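# Residue-level structural notes
As a plain string of letters, each chain reads:
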Amino acid sequence: MSSQKQTWETPEGNAQCVQQGPNSTLTEFLTKCDDYQLFQLTKFYWSRLEQAIEEGVDGVSLLLTYERIFSGQEHRKITELVEKENRKDSSKLLLKLVMEKGSRARRVMWESFAKMHYGVPKLDKILKEVQKFGSEPFGFKNFTQALSEVPSHLKDVQQKHKEALWVQTETLRVNTILIKQKVKIFQLVDRYTELTVISTVRDRTLVEHELLARGRDHEEWRKKHLRKELETIQTDQLFQSSFSRKKFKSGSTAAVSGVAGIGKTTIVQKIVYDWATGKIYPHFQFVFSFKFRDLNIINCRINLKNLILNQYPYFGNVLGELWKNPEGLLFIFDGLDEFKDKINFADNQRNTEPESMCTDPECCCEVSDIVYGLIQHKLLPGCSVLVTSRPVALRLLEKAEIIVWAEILGFVGDERREYFKRFFEDQAVAAAVSKYLEENEILYTMCYNPSYCWILGLSLGPFFTQQHRKQQQGPKTVTQLYSYYIYNILKNHGREIENPRDMLLKLGEMAFTGISEKKIVFRNGDLIKCNLQPSQFLSGFLMELLERDDSAQSVVYTFPHLTIQEFLAALAQFLTPDPEDIQKLLREAHSKEDRRFEIFLRFVAGLSSPQSTWPLEEVLGRFLYQTTYQVIDWVKETVAGQIGSTECVAGKRNLLNTFHYLFESQNKALAQATVGSVKILTFSQLRLTPLDCAILSHVIRLCDTIKRLDLSDCLIQCEGLERLVPILHKFQELRLSYNNLGDSGVKQLCTALKNPVCKIEKLRLDNNALSNSCADYLTSTLNTNQSLTNLNLSNNKLGDSGVKRLSAALRNPDCKIRKLDLCDVTLTGSCAEDFSSALSTNQSLTHLNLGNNNLGDSGVKLLSAALRKPDCKIQRLRLHDNALTDSCVEDLASALSTNQSLMDLNLRMNRLGDLGVKLLSVALSNPDCKIQKLDLGWNVLTDSCAKDLASALSANQSLMVLNLNSNSFTDQSVPALCRLIQTCRTLEQIVLVENRFSPNGKRHVESLQESRSGLSVKCEYSNLST
């Protein structure tokens, strides 16, 4: 049973967990709503409520059952779906039942939402909107319905416009190398695969290049967070007020973000198609769609009227009529990142300087001013605007009047398989490709992106369709994949040109210039500069590698995907007849701080591998061996330079990138030569994706010298750890703190710990969201592992039950643990008996940290009994901040009097008080007491205990460090403390900071530091001094 389900065990219990019921404003609003308004409210939020209540659907059902809205049988149907992990259908069923049961059911449901929304983030968001906007959404809905009516004199042009857009958008043109046709045309509705879009933008500073940034991580992330916090949004909801971040206006701007190739342009095409066919946005009378790459060719001032007429000339003289009703207009601008003019929405000059303002659709101005005016509602206020962009350009929109933000996540799970089913006519091939990708960690990570899926399909298809290729091994690396992609194009179209090697060299040189200048859109002039003739586009070969778009006033060219541009740029380095400057070029590219060349450099390193080049050499001829040797030398030099430069996060990122080079090169000797002598490898505080972890695993597998691997605060989670498990047993020290591994991560880790050749001695798992559920895995492992001696589990939620199970392992004589850190793991006195039993017999444990728990006096009394046992070997014990008082000190003192091993005792931040220290002093005066370090800071001590402490320590022959900071000693204690310092001859340090000494008292005590060498007296004046 989940913790969420336990929360709603009874309606009364639920009421307690939601902090005394609903917000009064929300309750007042629901009270004022009549039945019809609640019906409207439910319908308006229907699709969002389906998502929002998934996480707490069993709780809502329980409350409705308690109120006799649902029968016991209906409640069971819902909870059975939850138990089968089918929350989506369970929430749909609940809403369907409520709507069928009428007005009282709807009212009780909304009242239930008000009671429980605090623990359900998406529901909480909806209810806050309801409080904020009240009945405004209904007003908006009625308003938009009124807008959909088109004046009779505009109906003909609207119909003509819809027909024209229908024709433009009903088909998809797809280049293919698997069949004889160079271009295959599909119906959009047959080829279109739904993409996951969320109603937020997760990180506007996200780096542009995500070829190797997500994948399985992306899939796991979606599973975890879509259900809990993030809402999916359909394309027909982009202008729905329920998703707006600001107060909704009649006209609004929505921004859709997505990385290269994720499907932004295809989604725009689908939106225009669906509007033209009457499926969505009936309240928009006219939709005008523009691509920024087309707007780039306009080099003169222009007005909005002519901008529309250039693309839609049939509007003639009727545009003036459209201006009268701007609320019925939607403008779409696709590809802000491709726009040559940067629009600064934070520039106040645009609002004050007439030449920068565009407020009249028939007044000439710059294209950028028209776009600015529409988005900011200065031009045709009331119209709506949709903008798409890659993440790199989103910062331009941060100050814009954006009402709804959305991000395309791409394909996940079944959506990926669905794509390949539609891609391949032979479903056996589709299944084989899907299976191959799921088994290949590196390539699978690309599958969230439709463009990558297209490349994968083109490259992998032949391995499963051509009989003579079946026995060959498929690609392992991204470089190998792209090599096969180019190889297949060459095999299908190579005969069409005389010299494909020369053609690829010229194309690659243009691609490299584009990367250097951050250019992805090319014109005829760019081709001519590289000695490529536009007429060569009659060749299917060139059409496969460079897409021609002549829909605008001038022709533009783009590579099918940015990564293809980067691969061709890398390939050109191996085709050039003069490779003398290759190392200089690579060094300069690697030095660019914006990392624009990062994927290019990975491809260059990959092309030094025979596995990547042999298919290309089959068609293009042998590559120059001088280039390959120079690239290998550069990789070696780069890795060597980064190995010792990991003090900062940037240095660690650079080292990780060089590991990607090593992986792409598939050169075992190179990896061993560069990383083979490394003893410490640290990537702490660097965010690592599962793919990064897979790359690390590959490189480290080739190295046997690394003693310590530090991945603290890398947020690798269970998914990343899974990739590392095969190599974790090789290290002596493994740091995995702050990684949110969870119990499932520990289960994975235990696989490495149980490896018969496991070398791990020190393991840090603190701050990893662990619960008592992982204790069984750890217990089983500790019973068999023969290397682990130091284990840190602090700052997790193991609880008493978890530590009780760990105690069983500590009782096992085969357990080798010497140092165990259980600080802040939510312990109470309930676990002390089991733990005490383990300490009584354990022969290895010497260091134990139980600080920041709530053991209390009863728990420490039980522990003290264990400390009195002769078999107990504890040397260092931390009990700070455990709610201890003087009640437990007598037992503890008894243990100190007899224990022969305990030398370091930390009791700070408790409330032992003067009586507690007096009782402790009896033990300290015992000659058998071996304590060398004692911490009594923050223990509400006063002058009353100073004499007892001084008297006891005057006879002590072991104490070296005494901490009495942050208590309430005054000048009255100075004589006793001076006597303590003078008579305790073993004392090396005493800390008295933050007490209540006067300046004179402080100086007097500190002067004793000179009484013997090696003595340190730390004392300072406290603000508490009186």
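Residues numbered from 1 in each chain as written. Predicted model: local features only at pLDDT ≥ 70, side-chain atom pairs only at ≥ 80, totals over all residues. Heavy atoms only, no water.

In this structure, F331, F600 and F683 are the most contacted members of the largest nonpolar core, which totals 276 residues. Apart from residues no more than four positions distant in its own chain, F683 is found in contact with K652, L655, L656, F659, L688, L696, D710, L711 and C714. Counting residues in hydrophobic clusters, the runner-up holds 35 residues, among them L30, V57, I69 and L97. (Core = buried A, V, L, I, M, F, W, Y, C linked by side-chain atoms within 4.5 Å. Buried < 20%, exposed > 50% of the residue type's maximum accessible area, 1.4 Å probe, protein only. Contact = heavy atoms within 4.5 Å.)

On to the environment of I680, then. Tracing the sequence through the fold places I680 in strand β12 (residues 680-682). Along the backbone, I680 and R708 are 28 residues apart, and their C-alpha atoms lie at a distance of 4.9 Å. (Helix = DSSP H or I, 4+ residues; strand = E, 2+ residues; numbered from the N terminus.)

So, on to the sheet that holds strand β9 (residues 522-523). Overall, antiparallel pairing links the three strands, which are arranged β9-β11-β10 in an open sheet. With partners counted over all chains shown, the strands left at the sheet margins are β9 and β10 (547-549), one partner each. Pairing of β9 with strand β11 (residues 556-558), which is carried by two bridges, proceeds in the antiparallel orientation. Bridged to F522 within β11 is Y557. (Pairing = 2+ DSSP bridges.)

In this section: the packing of aromatic side chains. In the structure shown here, the tally under the stated rule is 31 aromatic pairs. Look at Y281 and F284: their rings are 5.5 Å apart centre to centre, the planes differ by 65°, and that puts the pair in the edge-to-face class. Among the aromatic side chains, those forming a connected cluster through ring pairs are F286, F288, F290, F292, Y312, Y314, F315, F331, F333 and F339. (Phe/Tyr/Trp six-rings, centres within 6.5 Å; stacked < 30°, edge-to-face > 60°.)

So, on to the environment of F559. Position of F559 relative to the elements: it lies in the loop between β11 and α29 (562-575). With 37 residues separating them along the chain, F559 and F522 place their C-alpha atoms 9.0 Å apart.

On the secondary structure map, N303 appears in the loop between α16 (292-295) and α17 (304-311). At 2.7 Å, the side chain of N303 and the backbone nitrogen of N306 are in polar contact. What N303 contacts, discounting residues up to four positions off in sequence, is P361, E362, C363, C364 and I370. (Polar contact = N/O pair within 3.5 Å; in protein donor to acceptor, adjacent residues only side chain to side chain.)

Moving on to the pattern of salt bridges. Inspection of the entire model under this criterion finds 27 salt bridges. For R390, the salt bridge is made with D337, and the minimal N-O distance between the two is 3.5 Å. Of the two residues, R390 is situated in the loop between β7 (384-389) and β8 (404-410) and D337 in the loop between β6 (329-334) and α19 (349-352); the sequence distance between them amounts to 53 residues. R390 gets classed as buried once you look at its relative accessible area, which sits at 13%. (Salt bridge = Lys/Arg side-chain N within 4 Å of Asp/Glu carboxyl O.)

Per-residue pLDDT for the protein chain has a mean of 83; in total, 85% of the residues score no lower than 70. Per-residue pLDDT stays below 50 along residues 137-147; that stretch engages in 19 contacts with residues further than four places along the chain or on separate chains. Predicted confidence for residues 202-219 stays below pLDDT 50, and this span has 65 contacts to residues more than four positions away or in other chains. (pLDDT = per-residue confidence, 0-100.)

Within a regular strand, side chains alternate between the sheet's two faces. Along β6, six of the six residues are buried, which leaves the element largely enclosed by surrounding structure. Of the two faces of β6, the one holding L329, F331 and F333 and the one holding L330, I332 and D334 are both buried throughout. Pairing geometry for strand β5 (residues 286-291) and β6, over six bridges, is parallel. Bridging across to β6, F288 finds its partner in F331. Sheet analysis places β6 next to β7, joined by four bridges and oriented parallel. From the neighbouring strand, F331 faces β7, where its bridge partner is V385.

Two numbers describe how helix α44 (residues 913-924) lies on helix α45 (residues 946-954): the axes approach to 8 Å, and their chain directions differ by 10°. By the criterion of interaxial angle, the relationship of α44 to α45 is roughly parallel. Facing α44, whose interface residues are V917, K918, S921 and L924, α45 presents D948, L949, A952 and L953. Looking at the contact of α44 with α45 residue by residue, the class counts come to five nonpolar, one polar and two charged. (Axes fitted to C-alpha atoms, helices over the stretch in contact; angles between N-to-C directions. Parallel < 35°, antiparallel > 145°, perpendicular 65-115°, else oblique. Nonpolar A, V, L, I, M, F, W, Y, C, P; charged D, E, K, R; others polar.)

A word on helix α40 (residues 799-811). With 13 residues, α40 ought to run about 18 Å at 1.5 Å a step, and its terminal C-alpha atoms sit 19 Å apart, in line with that. Turning to α40, its buried residues are G799, D800, G802, V803, L806, S807, A809 and L810. For α40, the arc enclosing every buried residue in end-on projection is 160°, short of the 170-degree limit, so these residues lie on one face. Where α40 is buried, its residues touch α39 (775-784), β17 (819-821) and α41 (832-841). (Expected span 1.5 Å × (residues − 1). Arc of directions from axis to C-beta.)

Moving on, we come to the packing of helix α8 (residues 87-101) against helix α9 (residues 103-116). Where α8 meets α9, the axes come as close as 5 Å, and the angle between the chain directions of the two elements is 135°. Judged on the interaxial angle alone, α9 and α8 are oblique. For the pair α8 and α9, the contacting residues are L94, L95, V98, M99 and K101 in the first and S103, A105, R106 and M109 in the second. A per-class count over the contact of α8 with α9 returns six nonpolar, one polar and two charged.

A few words on a negative patch on the surface. A cluster of acidic residues, D578, E580, D581 and E588, forms a negative patch at the surface. Within the secondary structure, D581 sits in the loop between α29 and α30 (582-591). Assessed through its relative accessible area of 55%, D581 is described here as exposed. (Patch = residues over 30% accessible without salt bridge, like charges linked within 9 Å, V, L, I, M, F, W, Y side chains within 5 Å. Areas by Shrake-Rupley, 256 points an atom, 1.4 Å probe, with all protein chains shown as cover. Lys, Arg positive; Asp, Glu negative; His and termini not counted. Charge placed at Lys NZ, Arg CZ, Asp CG, Glu CD.)

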